[in-house]
Amino acid sequence: MKRGGSSQLKEVLCALCRLVSACGVGLNPETFRRAKFDRPETVAEFWNLLYCLLTKIYQVRYGASVTIDETENLGNRISYVKTVLRHQGYGRSAFYQLPLDGSQGSRELLLSFSWLLLQMKPLERILQMNRAAVGDEISVCTCSCKLDLKENQDSKSLVGREVDVRYLQWLNGKLRFCWRTLHAVHQEKCCLLHKIHLYTQGCHVDQSVSHLSVLETDLVRHPDNYTKVLESENTNLEAYVQWKHLEPVYWQWMVSVLESTYENEQVLSMQDQDHKRYETSQWSNNLKHDIDKLNGDLEGISRNLQELLQRRQSSWNEQIKEIEKNVTEKEQRLMFKKIKQEVQKNTEDVKSQNAQARDMHGPFRLVFREGSGTQNASVNKNFYTRAFYATELSKELQKACTELEAEFQRLQDECRCKLEKISEEFEGVICIPPAKG
Amino acid sequence: MSVVTVQLGQCGNQVGYEFFDILCSDLHSKPGHSTKRENDYYQTVCKEQFFHEEECGDLVTRAVLVDMEPKVVSKTLSMAGRSGKWKYDISSQFSQKQGCGNNWANGYCVHGPKHQDIVMDLVRKQVEKCDRLGGFFTIMSMAGGTGSGMGTFLTRCLRDAYPDSLLLNQVIWPYGTGEVIVQNYNSILTLSHLYRSSDALLVHENDIIHKVCSQLMNIKQISFRDVNKVIAHQLGSIFQPVYTSEEALHYCRNPLGELMECLVPHPEYKMLGLRNIPQMSEHSLAYSTFNWNGLLKHLRQMLIANAKMEEGINWHVRPPSQPTAEKTSLRKELQFNTSVANLAILRGKDVQTASLEGFRDPPLYTPWLSPDDAFTLWKTPRAFNKYEKSATLVSNSQFLLKPLDNIVGKAWNMFASKAYVHQYTKFGIDEEEFLETFTTLEQIIASYTNL
């Protein structure tokens, strides 16, 4: 039984490693075993694993591509992981006390990894991320993000070094050309996508889509190219099935890991009980203070609210009484009806606006509709939520664009004013504004 | 990526024809030492850039032909049709009965706005045929009426209509002893206005090309066609497909963009000049062999001594040992030609063996750019236009300072005595505009002088 259990454990760990490797982290089942015994040599590996998983998860969540910075040093990675886990609500204080040099704590890390496995569902996300996308997708985000136009941090490093402004202009010009090239490439992509969608009208089995995507078209022409992609996806799925099948074994094993931590902790706590006690008491003091403060705030706010409500209510009552005096019953009924309609309309508007704001985010499938009566023909369809027209999105983006342009204009004017002020201080010097470009 | 070419005026149309003709004959010439697959891709990239293919396989240029007189355009169209290798889109032309009379203002203020809609519509039709519009390539003379005046106006329209597209203007610099009395006015107006809307100006000087024809090509009676062929050869050597980096696996599909990125990012420096080597008659070509070392040594000296052809190079000019020690003033004879940036394009056999270290010498460039930023190399083992080996240098440098200073000086003298100014004011170019033009050009001269 014991033997069978351990071979099963090995199997489940293998499956887990294979799944995790899809996000670019190569891991050995042996690493897990070593971590159980809190061996220090696996610590760095685990930190990296957590770092990669978390960055990938955030990439999926926010649509933006986050490249894993290979040069990021271990200390930064560790603090990143700690911050994210705290944000997610992971509560083991022993984890947060692990040193930043990555010298110890592989068992703690194993526990936190397992917690993450349940809490954030990274495996499912990795599967979602690495699946072969059949439809043509775009990634959208219309969430308003606060512009952070404060002094660029890099500019500080330039202070003290002499940089010819012409070099900066040169670099800026280079950037512009790159941007224009990128723009042209995007336009080409749209143009070709449109051609494919137009030419393959009616080819798709799914009536709601009706045309082939780029991948499907390519699949028709060169089926061989995709065997590899599909095979790798298959392996991933197989590993996932195996993992799901044997998952209980893993969690049982995790219980044993947790138990061994307790044993260790007891030994530990004998050693530095006082220290710990002091720390916890301080911590709980802090917490208590916070809770008290929050409670106080809450009470204050709810009192305010109550007062406000009462005031409003009495004023409404007075108004109603006055109106009632003036209006006959018939008129009243009509008015009620009207108001009710208006309210309904308003709530619907708000709801749809809300939904739209929520929906225009994340990956969307591009679906082409020819002559669907509306002006534009392209429809974006989210996988799980409602669809919307491309014009809606472009209107939304246009709006954001105008806002940004206005902001840019404002900043430019500000700079111009500053420059003028500076140039006024030089007597007998005429400043000619630079050529546009 | 595709480029829409706009041929403007007599000069623009004639040069444009030779340009397309050379591209096509190069496509069909023997590939030299490149593999079949490479050659196929070379052809594909070239075709995508300047032509669209009809279903029957005919190559049709992505070009718009514009002239105020009908003669040149119709002749150009029929010549292309007779070539059997390529043709113009017959519907993509615009001509009128009467020219601009060599008056820039007439082209810019009258004919330009009057025919703007029709011409821009022709342009739009060409643009719609491109999957990816890289930009526009306009060819025109600098001194005439239609090409320069209307061409400048249309360049502005292109900039307004396609703000994100690249705009390269090929301008032909007039003979120093030109026949048109107001050529200096026309030239300065063209240059200053193009500087505002264009991304880069590629300049060919008629005087130089003429010398190339007489001294290198051994042509006794030089016709416009001979001159235009040399210009077209030089243009072709830039735009035919190349590998733009050492690691590149494919020919670059966006040479216009990459050219600008490495040469003209700075908005004050957008004058480009061309030198190429070797250049000789077809007859002597058959009996000549070259090695890269010799060619590049010549090319480098042509660059630093500001020689525009390989004959008569001043070999005594050396890069200054201390670049910032002594600034030569403009009016003094410019000995050493400082560059903002250079792009070398090598085509032909054994191109891997060529060493370009001589072009990576920091004193060749301005102190504010390192040679890594300032020098770019493109190459391909495929031979170009019957030359087994050829090298072209596109250079953003002080090479035009002297001619520019000359032309501005002459124009200023005329302007100071108010000569012929009324011919411009009557079409709407007032003295204020002239003064602005002078300011712009003086600024350009100052920028290039103080490199």
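Rules of the game
Residues numbered from 1 in each chain as written. Chains lettered and ligands numbered in written order. Predicted model: local features only at pLDDT ≥ 70, side-chain atom pairs only at ≥ 80, totals over all residues. Heavy atoms only, no water. Helix = DSSP H or I, 4+ residues; strand = E, 2+ residues; numbered from the N terminus. Rg over C-alpha atoms; globule rule 2.2 N^0.38 Å. Buried < 20%, exposed > 50% of the residue type's maximum accessible area, 1.4 Å probe, protein only. Areas by Shrake-Rupley, 256 points an atom, 1.4 Å probe, with all protein chains shown as cover. Lys, Arg positive; Asp, Glu negative; His and termini not counted. Charge placed at Lys NZ, Arg CZ, Asp CG, Glu CD. UniProt positions renumbered as here; feature names shortened; annotations may be inferred. Pairing = 2+ DSSP bridges. Contact = heavy atoms within 4.5 Å. Axes fitted to C-alpha atoms, helices over the stretch in contact; angles between N-to-C directions. 1 Å grid on protein atoms, 1.4 Å probe; cavity = no way out; pocket = protein on both sides within 12 Å on 5 of 7 lines; lining within 4 Å. Points joined across faces, edges and corners; volume = space filled by probe spheres on them. Nonpolar A, V, L, I, M, F, W, Y, C, P; charged D, E, K, R; others polar. Right-handed = clockwise from strand over helix to strand, strands pointing away. Domains from an automatic or database assignment. Parallel < 35°, antiparallel > 145°, perpendicular 65-115°, else oblique.

**Regarding the overall build of chain B**
The number of helices and strands found in chain B is 15 helices and 13 strands. For 451 residues, the compact-globule estimate of 2.2 N^0.38 gives 22 Å, and chain B sits close to it at 21 Å. For chain B, the spread of C-alpha atoms along the three principal axes comes to 65 × 60 × 45 Å. Expressed as a percentage of the 451 residues in chain B, the buried residues total 61%. Only carbon and sulfur atoms are counted for the fraction: they give 49% of the accessible area of chain B, which is about 17,900 Å². Here chain B carries 44 positive and 47 negative side-chain charges, and the mean point of each set is 5 Å from the other.

**What about the UniProt feature "coiled-coil region" (unreviewed entry) in chain A?**
The UniProt record marks residues 284-360 and 394-421 of chain A with the feature "coiled-coil region" (unreviewed entry), using the residue numbering of this structure. Split by type, residues 394-421 of chain A is 100% helix and 0% strand. Its first and last C-alpha atoms lie 40 Å apart.

**Quick look at the sheet that holds strand S5 (residues 86-87) of chain B**
All names here are of chain B. Pairing in this open sheet of three strands is mixed, and the strands run S2-S3-S5 from one edge to the other. Each edge of the sheet is formed by a strand with only one pairing partner; in this case those strands are strand S2 (51-53) and S5. In terms of strand pairing, S2 meets strand S3 (residues 59-61) through three bridges, oriented antiparallel. Bridge pairing in S3 places Glu53 opposite Leu59. Its contacts with the sheet place helix H2 (residues 36-50) against S2 and S3, and it is angled at close to 105° to S2.

**Here we look at empty space enclosed by the protein**
In this approach a probe as big as a water molecule rolls over the atoms, and the regions it shows empty are the leftover space. Residue and element names in this part refer to chain B. One pass over the structure, following the stated rule, counts two cavities of 30 Å³ or more. Approximately 140 Å³ is the volume attributed to the largest cavity. Looking at the lining of the largest cavity, the elements with two or more residues in it are strand S9 (200-205), helix H7 (206-216) and strand S10 (271-277). For the lining of the largest cavity, the class distribution of residues is eight nonpolar, five polar and four charged. Its volume calculated, the second largest cavity comes out at about 40 Å³. Forming the walls of the second largest cavity are Met271, Ser397, Gln398, Leu400, Leu401, Leu404 and Tyr448. Grouping the amino acids of the lining of the second largest cavity by side-chain chemistry returns five nonpolar, two polar and no charged.

**With respect to the pairing of strand S7 (residues 133-141) of chain B**
Residues and elements named next belong to chain B. Counted residue by residue, S7 has nine buried out of nine residues, so it is predominantly covered. Where strand S1 (residues 2-8) lies against S7, six bridges are found, and the strand directions are parallel. By the bridge assignment for S7, Val4 is matched with Phe136. Regarding the hand of the β-α-β motif, the stretch spanning S7, helix H5 (residues 146-161) and strand S8 (residues 166-173) is right-handed.

**A few points about the environment of Pro113(B)**
Residue and element names in this part refer to chain B. Tracing the backbone shows Pro113 in helix H4 (residues 104-128). Assessed through its relative accessible area of 35%, Pro113 is described here as partly exposed. Remark: the alpha-carbon pair of Pro113 and Asn385, spanning 272 residues in sequence, is separated by 40 Å. Contact partners of Pro113, with chain neighbours within four places excluded, come to Gly107, Tyr108 and Phe153.

**Focus: the domain arrangement of chain A**
Split into domains, chain A comes out as domain 1 (3-132 + 228-269) and domain 2 (288-349). Distance between the C-alpha centres of domain 1 of chain A and domain 2 of chain A: 51 Å.

**Re the packing of helix H1 (residues 9-28) of chain B against helix H3 (residues 70-83) of chain B**
Residue and element names in this part refer to chain B. Look at H1 against H3: their axes get within 9 Å of each other, and the N-to-C directions meet at 10°. Between H1 and H3, the angle is such that the two are roughly parallel. Between H1 and H3, the contacting residues are Gln10, Asn13, Gln14, Tyr17 and Asp21 on the first element and Val72, Val73, Thr76, Met79, Ala80 and Ser83 on the second. Along the lines of polarity and charge, the residues of the contact of H1 with H3 split into five nonpolar, five polar and one charged.

**Comments concerning the sheet that holds S1(B)**
Residues and elements named next belong to chain B. Pairing within the open sheet is mixed, and its 10 strands lie in the order S6-S4-S1-S7-S8-S9-S10-S13-S11-S12. The open sheet has two free edges, formed respectively by strand S6 (93-95) and strand S12 (375-380), since each of these has just one partner strand. Each strand of the sheet is rotated relative to its neighbour by a mean of 20°, with strand direction disregarded. Pairing of S9 with S10 involves three bridges; the strand directions are parallel. Looking at the pairing, Leu202 lines up with Leu272 of S10. Along the sheet face, H2 touches S1 and strand S11 (339-348) and points at about 55° away from the line of S1.

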